[in-house]
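Next come the chains, spelled out residue by residue.
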Amino acid sequence: MGDQIVLDRDVRDWVLVPLTMSIVLMMLIRQYATQVLMGGGKPQQKVELKEVKEKQTVARSQLLRGAHVFLTEGAFRQRKAYLTAKGTGALSQKSEQKSAQEQMLTNPDLMSGMMKQNLSGIVPQIAMGTFVSYFFSGFILGKIPFPLSPSFRLMLQRGVDLPSLDVTYFTSLSYYILLLFGLRGVFMLFFRENTIDETQMYRQQMGMGGGGNPMAAMTSADPTKALEAERAALEMVDHKWKLEGAEDRAADVLRARLKQAPHKRKP
Amino acid sequence: MQPVKRQLEAALAEVERSSRSGGYDAMRRYLQLVRELKVRDSENVALLGSKLLKHHRSKLQTEELWLIMEQVAIAAIDTRALKLAADLIKSIKEKFPDSERSTRLAEMFLEARGSYEQAEALILEQLEEAPESQMLLKRQVALEKTKGNLSGAIEMLRKYVETFQTDREAWEELGHLYLEAQMYPQAATCYEELLMHQPASAATHVQYADVLYTIGGPANYQTACTHYSAAIDISSGQNARALYGLCAASAQLKGDSKGRDGKVPPDLPELAGEALLQLYAKEAPSKLPLVTALLEAQQISIAK
């Protein structure tokens, strides 16, 4: 590597430093803008008790299908009847949940919330990209201290189209992209969101989906159909008792144990 | 059960040892352990936690600080250190005015102080805003329990499990409440639910079998026997209650000739009896005669 490129000091003063500063500033502004936009309205949408009940009914039915082997036949029949009885069973009810489309129509907040989220992410990105490529493109900013294969040229030398240039030099545009993605992690450390709220986790565990992202609600299919499917699945299940023969197994266990360590019997 | 206790004791000993040098780390670790294991060791938590908050408050990270504040506040309520609890809850409430958790703390404080009406009003007010808050709905049940209104608590909890049907803890609590009210068939239903959630736990089988045994009747004795057997199978014969239960249930079956349909292997009660004796010989030799007497009363003959 005899022919090293000497970089002008002005490149550092007028490109490297301002570029870094403007990216950091941009991200800061974006952070606060998101907070203001999101914080304005209540982020949590209200959860209807009835919806919760329906979801839980399905979950319970699934549990019953999986774990009924530990129940006696009577207990299983009782639960099955409660869930699947024609007309009155919990799974035979019409769903009160709105399907995804209805939710969209009746709750414009959902839409605008998503719009806000997306806009606050995309708009600054575009603006920043234009800004950087207008003012800072075409500079070589530095050199990475290890050799690389030529296929990295596209990644490291964006904006400078010089096939004869050594791959280890990187340009301002590549530096911008690197910072854009790399700084996200650093920022996350600074702006750690509020402490992890156990209630929030709880909610998610219970499958209530409150406050979760609206996309999840969109993907769920027609809820009445889900109830119907679960009912059909449960009706197919015939009772099997897994504890049949538990006594014999217990006897075996005890026998093995007693044989292993015969206790000294006192008269 | 045992390892939990041992872990706690080890952590406490560590606190003891390092108390000379301030013991900041040891205390913090102890509180963390209690939180993670979800045990309720209020006396120690209140004592160590208040010390930690008093002397090392500035050293704690914000997140952990508030977690510890909550933990200590609850422990203080438990130990009736109401002054301490009031101070903590006040600052928590100031920091998180809209949080469900701080509302719960305030409600618990009121409940501990005995102002039930105020506590109830607080819950109802919050439930208006968030009717699906499990935390508050459960507090409502607890409040009824504190008041001593058993049927009220049952009613509340029944409504709760009607909605939150997969809440294992709620079913367990409802089972307890039904037992207290001596409504055994209803309790059995709750324990069945529990059984589906944790079929691999010997304790669950034993609880359920206990309820069935209490209800009585040949069919129930039979099922109880099966579940005691399952518990023995799971615990490999180490669960004394399951062994006792098996002996008792099979003794009942023996007395009732109709109930015998040959499901229980004839030597199972004897085996259980022997396992019991072995267990007692190892763990509590002085109580052996009592066990022998009981087994004799149940007409379980132990091989010479």
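Residues numbered from 1 in each chain as written. Chains lettered and ligands numbered in written order. Predicted model: local features only at pLDDT ≥ 70, side-chain atom pairs only at ≥ 80, totals over all residues. Heavy atoms only, no water.

A. View of the UniProt feature "transmembrane region" (unreviewed entry) in chain A. All names here are of chain A. Mapped onto the present numbering, the UniProt feature "transmembrane region" (unreviewed entry) falls at residues 14-33, 122-146 and 173-191. Taken end to end, residues 14-33 comprises 100% helix and 0% strand; its first and last C-alpha atoms sit 28 Å apart. Within the segment residues 122-146, helix and strand shares are 56% and 16% respectively, and the terminal C-alpha atoms sit 34 Å apart. (UniProt positions renumbered as here; feature names shortened; annotations may be inferred. Helix = DSSP H or I, 4+ residues; strand = E, 2+ residues; numbered from the N terminus.)

B. The arrangement of the state of the cysteines in detail. Residues and elements named next belong to chain B. Summed over all chains, the structure comprises zero disulfides over all chains. Cys225 forms no disulfide, and the closest cysteine sulfur to it belongs to Cys247, at a distance of 9.4 Å. According to the relative accessible area criterion, Cys225 is buried, its value standing at 0%. (Disulfide = S-S within 2.5 Å. Buried < 20%, exposed > 50% of the residue type's maximum accessible area, 1.4 Å probe, protein only.)

C. Inspection of a negative patch on the surface at higher detail. A surface patch of like charges, here negative, comprises Asp98, Glu125, Glu128 and Glu129 of chain B. Judged by its relative accessible area of 67%, Glu128 of chain B falls in the exposed class. (Patch = residues over 30% accessible without salt bridge, like charges linked within 9 Å, V, L, I, M, F, W, Y side chains within 5 Å. Areas by Shrake-Rupley, 256 points an atom, 1.4 Å probe, with all protein chains shown as cover. Salt bridge = Lys/Arg side-chain N within 4 Å of Asp/Glu carboxyl O. Lys, Arg positive; Asp, Glu negative; His and termini not counted. Charge placed at Lys NZ, Arg CZ, Asp CG, Glu CD.)

D. How the structure looks around the pattern of salt bridges. In the structure shown here, the tally under the stated rule is 26 salt bridges over all chains. For Arg249 of chain A, the salt bridge identified is with Asp233 of chain B, shortest N-O distance 3.0 Å. With Arg249 of chain A in helix H11 (residues 246-260) and Asp233 of chain B in helix H13 (residues 218-235), this pair bridges two chains. According to the relative accessible area criterion, Asp233 of chain B is partly exposed, its value standing at 26%.

E. Layout of helix H3 (residues 73-84) of chain A. Its twelve residues give H3 of chain A an end-to-end C-alpha distance of 16 Å, which sits within 8% of 16 Å, the value for a rise of 1.5 Å per residue. Here H3 of chain A has its buried residues at Ala75, Phe76, Arg79, Lys80, Leu83 and Thr84 of chain A. Buried residues of H3 of chain A, seen end-on, are gathered within an arc of 140 degrees and therefore sit on one face of the element. Each element contacted by the buried residues of H3 of chain A is listed here: helix H2 (49-67) and helix H10 (223-236) of chain A together with helix H11 (184-197) of chain B. (Expected span 1.5 Å × (residues − 1). Arc of directions from axis to C-beta. Contact = heavy atoms within 4.5 Å.)

F. Broad picture of H11 of chain B. Between its terminal C-alpha atoms H11 of chain B stretches 20 Å, which fits the 20 Å expected from 14 residues at 1.5 Å a residue. Turning to H11 of chain B, its buried residues number three or more, namely Ala187, Ala188, Cys190, Tyr191, Glu192, Glu193, Leu194, Leu195 and Met196 of chain B. In the core, the buried residues of H11 of chain B are packed alongside H2 and H3 of chain A together with helix H10 (168-180), helix H12 (202-215) and H13 of chain B.

G. The environment of Lys80 of chain A, seen in detail. All names here are of chain A. With respect to the helices and strands, Lys80 occurs in helix H3. Each C-alpha atom of the pair Lys80 and Leu64 lies 8.3 Å from the other, and the pair is 16 residues apart in sequence. For Lys80, the contacting residues outside a window of four places in its chain are Leu64, Ala85, Leu234, Glu235 and Val237.

H. Spotlight on the packing of aromatic side chains. A complete count under the given rule lists eight aromatic pairs over all chains for this structure. Summarising the aromatic geometry, the rings of Tyr244 of chain B and Tyr280 of chain B are spaced 6.2 Å apart at their centres and angled 70 degrees between planes, so their arrangement reads as edge-to-face. Here Tyr244 of chain B is found in helix H14 (residues 240-255), whereas its partner Tyr280 of chain B is found in helix H15 (residues 268-283), with 36 residues between them in sequence. Owing to a relative accessible area of 27%, Tyr244 of chain B belongs among the partly exposed residues under this scheme. Every member of this aromatic cluster is reached through a ring pair, and the members are Phe131, Tyr134, Phe135 and Phe136 of chain A. (Phe/Tyr/Trp six-rings, centres within 6.5 Å; stacked < 30°, edge-to-face > 60°.)

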